[in-house]
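So the chains spell out like this:
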Amino acid sequence: MVHQYKLNGYDIVLDTCSGSVHLVDDVAYDAIALYPEKPREEIVAELLQKYTGRPDVTAADLEQCLDDIAALKAAGKLWSPDVYEEMAFDFKNRSNVVKALCLHVAHTCNLNCSYCFAAQGRYQGERALMSLEVGKRAMEFLIEHSGTRRNLEVDFFGGEPLMNWQMVKDLVAYCRSREKETGKNFRFTLTTNGMLIDDDVIDFCNREMSNVVLSLDGRREVHDRLRVDYAGRGSYDAIVPKFQKLVKARGDKNYYIRGTYTHANTDFTNDIFHMADLGFTELSMEPVVSKPDDPCALTQEDLPVLLEQYEILAKEMIRRRREGRPFTFYHYMIDLTGGPCIYKRIAGCGSGTEYMAVTPWGDLYPCHQFVGDPKYLLGDIWKGVTNTAAQDEFRHCNAYARPECKDCWAKLYCSGGCAANAYHATGSISGVYEYGCELFKKRMECAIMLKVAENQDLAAQGVEVPLELGGACTACADGEGCAE
Amino acid sequence: ERIKTIATDL
């Protein structure tokens with residue numbers, strides 16, 4: 001399957017099943033579009049007519065262009081066949097390995113953000129903190145069910161996890177003590193609203209957390225509209241200096257500033273630029289997940305505005321990179337040559353199978369966004385997964401699970417999309433959240449365009465980027481190395 | 001040259 005688009009002056013052709021990205025000129029762009037539909041002589045005649053007056057477009061030149069297209073097709077870099085569908089339905093027979101847990105260490109929060117799916121951190125239940133005993137049992141559950149997997153991931157989540165901070169520290173120490181005897185490598189992540197960050201939190205996080213996710217919605221007036229305490233006071237002034245201090249002390253370890261945009265700030269790129277201007281360089285901004293009647297909810301009328309915003313963001317990122325003050329955007333950090341293998345692309349995030357959420361009292365759910373929904377209570381950390389019917393539903397939820405996605409060029413990038421978003425939008429985890437699809441596809445187009453722009457900038461400096469990790473030069477399109 | 005392959009084996 002081939003996807004063609006024009007963005008920011010670049011004509012781009014993506015071959016979905018090989019992951020090949022081609023930068024073409026307008027003539028080749030048209031030739032590729034016509035290639036599957038018409039015989040060569042018709043394509044040549046049509047393009048000669050279209051480009052009348054262009055001295056570079058001759059019959060011989062067009063024949064050469066069509067030869068190049070044929071060579072790329074033969075090399076599996078254009079219209080490469082989709083040979084992965086059968087693999088997708090073999091997933092039910094794969095092992096029941098668990099490799100990651102989202103630990104809800106606090107079902108309570110010191111902020112009262114109106115758009116939060118966790119509803120004051122309580123997930124429609126009672127306030128609760130996870131005990132160290134439950135935390136330790138959750139870690140043993142993870143170790144027991146991880147099979148031969150070495151890398152295990154634990155997200156400290158809530159609510160606000162810093163409201164159970166001593167337990168977090170004690171549990172990390174426990175896991176470190178178990179690493180040597182089990183041969184496992186724990187990677188910890190913390191997601192926080194920042195209100196309780198102090199020097200102890202900064203020191204510990206920068207020593208032990210592989211990643212920290214810091215919640216900031218951007219401009220003060222945007223952030224303080226929704227991210228308020230129980231007295232209705234905004235939290236921007238309290239958290240920004242703390243985030244700046246944490247990030248400054250963090251060196252080159254991973255973090256990102258994570259914002260949410262809503263109907264009230266569809267000009268969200270201004271919030272991203274504000275984050276960058278505050279000195280943060282690893283940024284993320286996500287569409288709100290809410291009921292359609294919520295005043296925060298994004299509307300159909302918002303969609304074209306949002307799509308344009310993603311393009312504005314990509315162009316500004318190019319400008320700032322060229323000026324020597326780059327920042328990254330979570331959804332634009334695509335790795336075209338070393339991205340995930342086909343199994344990962346089909347399976348996606350692994351929610352409900354290799355990744356689960358644990359409540360303060362040890363119940364298991366497919367992910368943090370299903371916590372509190374009795375239909376998706378999978379079991380607990382003592383007995384394991386007992387609701388195998390619900391787990392099977394997730395096991396079958398992959399890039400090939402939906403007939404609507406069969407002809408979508410982005411399916412091996414979105415892996416079928418977020419099950420929680422599909423569930424909340426359609427009532428089924430196998431539904432299609434079309435609004436999210438449109439945003440995702442635009443983000444992918446922008447991400448690929450950014451890589452093309454980067455490639456062109458490097459080429460202008462005489463630097464050639466490897467086409468494929470460990471691969472041979474493919475300048476001649478047949479994939480074979482030349483003698484030089 | 002009208003086609004430049006920027007990147008590519010699943």
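Residues numbered from 1 in each chain as written. Chains lettered and ligands numbered in written order. Predicted model: local features only at pLDDT ≥ 70, side-chain atom pairs only at ≥ 80, totals over all residues. Heavy atoms only, no water.

The helix and strand inventory of chain A stands at 16 helices and 15 strands. Here the C-alpha atoms of chain A give a radius of gyration of 25 Å, agreeing with the 23 Å that 2.2 N^0.38 yields for 484 residues. Expressed along its principal axes, the backbone C-alpha trace of chain A runs to roughly 75 × 50 × 50 Å. Considering only intrachain contacts with a sequence separation of at least 6, the fraction spanning at least 24 residues in chain A is 69%. Carbon together with sulfur atoms contributes 51% to the accessible area of chain A, which is approximately 21,500 Å² in total. Counting 53 positive and 71 negative side-chain charges, chain A places the averaged centre of each group 6 Å from the other. (Helix = DSSP H or I, 4+ residues; strand = E, 2+ residues; numbered from the N terminus. Rg over C-alpha atoms; globule rule 2.2 N^0.38 Å. Contact = heavy atoms within 4.5 Å. Areas by Shrake-Rupley, 256 points an atom, 1.4 Å probe, with all protein chains shown as cover. Lys, Arg positive; Asp, Glu negative; His and termini not counted. Charge placed at Lys NZ, Arg CZ, Asp CG, Glu CD.)

All names here are of chain A. Applying the stated rule across the entire model yields 37 salt bridges over all chains. Close ionic contact of Glu63 with Arg40 constitutes a salt bridge, the shortest N to O distance being 2.8 Å. Here the residue Glu63 occupies a position in helix 3 (residues 59-74), and Arg40 occupies one in helix 2 (residues 40-50), the gap between them amounting to 23 residues. Overall, Arg40 belongs to the partly exposed group, its relative accessible area being 28%. In this structure, the salt-bridge partner of Arg40 is Asp67, at a minimum N-O distance of 2.8 Å. With a gap of 27 residues between them, Arg40 in helix 2 and Asp67 in helix 3 connect regions that are remote in the sequence. (Salt bridge = Lys/Arg side-chain N within 4 Å of Asp/Glu carboxyl O. Buried < 20%, exposed > 50% of the residue type's maximum accessible area, 1.4 Å probe, protein only.)

Let us now look at the sheet that holds strand 1 (residues 3-7) of chain B. Here we have four strands laid out as an open sheet, ordered 1(A)-2(A)-3(A)-1(B), and antiparallel in their pairing. Here the strands that pair on one side only, and so sit at the sheet edges, are strand 1 (2-7) of chain A together with strand 1 of chain B. Adjacent strand axes in the sheet meet at a mean angle of 25° when their direction is disregarded. Where strand 3 (residues 20-24) of chain A and strand 1 of chain B come together, four bridges link them in antiparallel fashion. Note on strand 1 of chain B: the bridge partner recorded for Leu23(A) is Lys4(B). (Pairing = 2+ DSSP bridges. Axes fitted to C-alpha atoms, helices over the stretch in contact; angles between N-to-C directions.)

So, about the interface of chain A and chain B. Opposite the 36 residues of chain A that make contact, chain B presents nine residues. Roughly 1,900 Å² is buried in total at the junction of chain A and chain B, and carbon and sulfur atoms are behind 54% of that figure. Counting the contacts that link chain A with chain B gives three salt bridges. Here Asp25(A) and Arg2(B) are joined by a salt bridge, their closest N and O atoms 2.5 Å apart. The interface formed by chain A and chain B holds ten residue pairs in polar contact (both at pLDDT 80 or more) in total. Counting residues per element, the ones that place at least two in the side of chain A that touches chain B are strand 3, helix 1 (26-34), helix 3, helix 12 (342-347) and helix 16 (434-460) of chain A. The class makeup of the residues in the side of chain A that touches chain B is 20 nonpolar, seven polar and nine charged. (Buried area = accessible area lost by both parts, 1.4 Å probe. Polar contact = N/O pair within 3.5 Å; in protein donor to acceptor, adjacent residues only side chain to side chain. Nonpolar A, V, L, I, M, F, W, Y, C, P; charged D, E, K, R; others polar.)

All names here are of chain A. Taken together, the side chains of Leu129, Met163 and Leu196 define a hydrophobic patch exposed on the protein surface, amounting to about 240 Å² of accessible area. Position of Leu196 relative to the elements: it lies in the loop between strand 7 (185-192) and helix 7 (199-208). Accessibility expressed as a relative area gives 37% for Leu196, which makes it partly exposed. (Patch = residues over 30% accessible without salt bridge, like charges linked within 9 Å, V, L, I, M, F, W, Y side chains within 5 Å.)

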